[in-house]
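# Close look at the chain arrangement
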Amino acid sequence: MTPDPSHNELPLPTSGLPESSLATQAIAQLLRPLARLMIEHSVQLMPMVELLKKALVEEVQASFGLADKGNTDTRVALLTGVHRKDVKRLREAPDASAAVLPMVPLAAAVVARWISEPRYLNADQSTRALARTPRRSAAGQSDFTTLVAEVSRDVGARAVLDELLRLGVVTVRDDELIELKSAAFVPKEGLSESYHFLAANVSDHLACAVHNLMPDRQSPAMLEQSAFCQDLSAEQAAQLQLRARQLWAASLQQFLPTATVAKQRSQAQGGPRHRVRFGVYFHDGVQSPEEQAAIPPKAPRQPHKKPTS
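Calculation notes
Residues numbered from 1 in each chain as written. Predicted model: local features only at pLDDT ≥ 70, side-chain atom pairs only at ≥ 80, totals over all residues. Heavy atoms only, no water. Helix = DSSP H or I, 4+ residues; strand = E, 2+ residues; numbered from the N terminus. Buried < 20%, exposed > 50% of the residue type's maximum accessible area, 1.4 Å probe, protein only. Contact = heavy atoms within 4.5 Å. Areas by Shrake-Rupley, 256 points an atom, 1.4 Å probe, with all protein chains shown as cover. Polar contact = N/O pair within 3.5 Å; in protein donor to acceptor, adjacent residues only side chain to side chain. Phe/Tyr/Trp six-rings, centres within 6.5 Å; stacked < 30°, edge-to-face > 60°. Salt bridge = Lys/Arg side-chain N within 4 Å of Asp/Glu carboxyl O. Core = buried A, V, L, I, M, F, W, Y, C linked by side-chain atoms within 4.5 Å. Axes fitted to C-alpha atoms, helices over the stretch in contact; angles between N-to-C directions. Parallel < 35°, antiparallel > 145°, perpendicular 65-115°, else oblique. Nonpolar A, V, L, I, M, F, W, Y, C, P; charged D, E, K, R; others polar. Patch = residues over 30% accessible without salt bridge, like charges linked within 9 Å, V, L, I, M, F, W, Y side chains within 5 Å.

Quick look at the overall build of the protein chain now. Secondary structure assignment for the protein chain yields ten helices and four strands. Listing the helices and strands of the protein chain from first to last along the sequence gives β-α-α-α-α-α-α-α-β-β-α-β-α-α. Scored against the burial criterion, the 309 residues of the protein chain give a buried share of 21%. Restricting the contact set of the protein chain to residue pairs at least 6 apart, pairs at least 24 apart contribute 54%. Total accessible area on the protein chain stands at roughly 23,000 Å², and carbon and sulfur atoms take up 58% of it.

Right, let's talk about the side chain of Ser152 for a bit. Within the secondary structure, Ser152 is located in the loop between helix H6 (144–151) and helix H7 (157–167). Looking at Ser152, its side chain comes within polar contact range of the main-chain nitrogen of Asp154, at 3.1 Å.

Counted according to the given criterion, the structure contains three aromatic pairs. When the centroid spacing of 6.1 Å and the interplanar angle of 65° are considered together, the rings of Trp114 and Phe144 count as edge-to-face. Of this pair, Trp114 sits in helix H5 (residues 103–116) while Phe144 sits in helix H6, and the two are 30 residues apart along the sequence. Across the pair, exposure class does not vary: Trp114 and Phe144 are buried alike. Consider the rings of Trp248 and Phe278, whose centres lie 5.7 Å apart with planes at 55°: the pair is tilted. Placement of Trp248 in helix H9 (residues 234–266) and of Phe278 in the loop between H9 and helix H10 (289–294) is noted, with a sequence separation of 30 residues between them. Residue class for Trp248 comes out partly exposed when judged on its relative accessible area of 22%. A connected cluster of aromatic rings, assembled from ring pairs, spans Trp248, Phe255 and Phe278.

This brings us to unusual backbone geometry. A positive phi angle, close to 60°, is found at Ser42, a residue other than glycine. Residue position: Ser42 is located in the loop between helix H1 (20–40) and helix H2 (45–63). At Gln125, a residue that is not glycine, the phi angle is positive and equals roughly 75°. Relative to the helices and strands, Gln125 resides in the loop between H5 and H6.

The next point concerns the pattern of salt bridges. Side chains bearing opposite charge may pair, as long as their charged atoms lie close to each other. One pass over the full model with this rule turns up 20 salt bridges. Here Arg119 and Glu117 are joined by a salt bridge, their closest N and O atoms 3.5 Å apart. Salt-bridge contacts for Glu176 lead to Arg136; the nearest nitrogen and oxygen are separated by 3.9 Å. Taken together, the residues span a long stretch of sequence, with Glu176 in the loop between strand S2 (170–172) and strand S3 (178–180) and Arg136 in the loop between H5 and H6 at a distance of 40 residues. Relative accessible area serves as the criterion here: at 37%, Glu176 is assigned to the partly exposed category. Taking relative accessible area as the criterion, Arg136 reaches 54% and is therefore assigned exposed. Taken together, the salt bridges that share partners define one network made up of Glu50, Lys53, Asp86 and Arg89.

Now for the nonpolar core. As a rule of thumb, nonpolar side chains are buried together in soluble globular proteins. Core analysis: the biggest nonpolar cluster contains 22 residues, and Trp114, Phe144, Leu164 and Val170 have the highest contact counts within it. Elements with a minimum of two residues in this core: H5, H6, H7, S3 and H9. Top contributing element to this core by residue count: H5, with six residues. Each residue touching Val170, except ones within four places of it in the same chain, is listed here: Trp114, Leu161, Leu164, Leu165, Ile178, Glu179, Leu180 and Lys181. Judged by nonpolar contacts, the second largest core, of seven residues, contains Val60, Val76, Val82 and Val87.

Here we take up the packing of H6 against H7. For the pair H6 and H7, the least separation of the axes is 9 Å and the interaxial angle reads 100°. With respect to each other, H6 and H7 are oriented roughly perpendicular. On the side of H6, the interface is formed by Phe144, Thr145 and Val148, while H7 contributes Ala157, Val160, Leu161 and Leu164. By residue class, the composition of the contact of H6 with H7 is six nonpolar, one polar and no charged.

Judged by side-chain polarity, Ile27, Leu30, Leu31, Leu34, Leu37, Leu191, Tyr195, Leu198, Val202, Leu206 and Val210 come together as a nonpolar surface patch covering roughly 940 Å² of accessible area. For the nonpolar patch, the secondary-structure elements that each account for two or more residues are H1 and helix H8 (191–212). In terms of residue count, H8 provides more of the nonpolar patch than any other element does, six residues in total. As for its placement among the helices and strands, Leu31 is situated in helix H1.

Rendered as structure tokens:
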């Protein structure tokens, strides 16, 4: 098992010069899974080119403006390589990005509180099955309606329950108790929600890595690390994935209460508002012939010799 070098130990850049060649090599590798997503879901090249042009123009607008000056179409074209006519068209076009699904963050927040708040956990830290309402719960026991109300009073518990049932995250038992199927918010049938999380999680992960490699970065590097292991059997790779899921569940239960306290303390503090995302991923893939060839061959075992008398 090999840990990747710690980006947290990267020194602040001194030259401030772009590394176009290295960035291009990295982008080429990043594009492979994106290409797979496009091919599997029938997304053609030209719509993607249009999306890339729009993203380039929007990023210049958001992050590369001149002090006390607006960005002209010519400057945007200079920084991005997008033709000036396209820059003008894209800047004038209405924002067609999909709206964030309001029910997804709320449903996820309800599950997050369920798996982290001690009142909703058993002695072994597993989640309790909850009655729907306070009237149906035993004396001193928490219920699903109270759980939802602690997260938001804008949406009723029934609507949240219907959404969690649709996503396959919870089940209603024969005794009318609501049971969480797993200690993580993993929609099984909600494709739109799954794509929402794909965009949010991968976007923030990539933004973190890009931040760490900014030529003129003045702030500390963000946490972005992983561990790498190769030359494994399929069985052992599956065992590692199971272990990774266990470690993530334990880390999540420790992180969420800390995040809740941080949010409460932030209410009394001024300044700009920040958002954070803490995540984990596990990837298991068959080694390519090139990767396999790079593995040093095992030294042959020497035959055991009997001692001579």
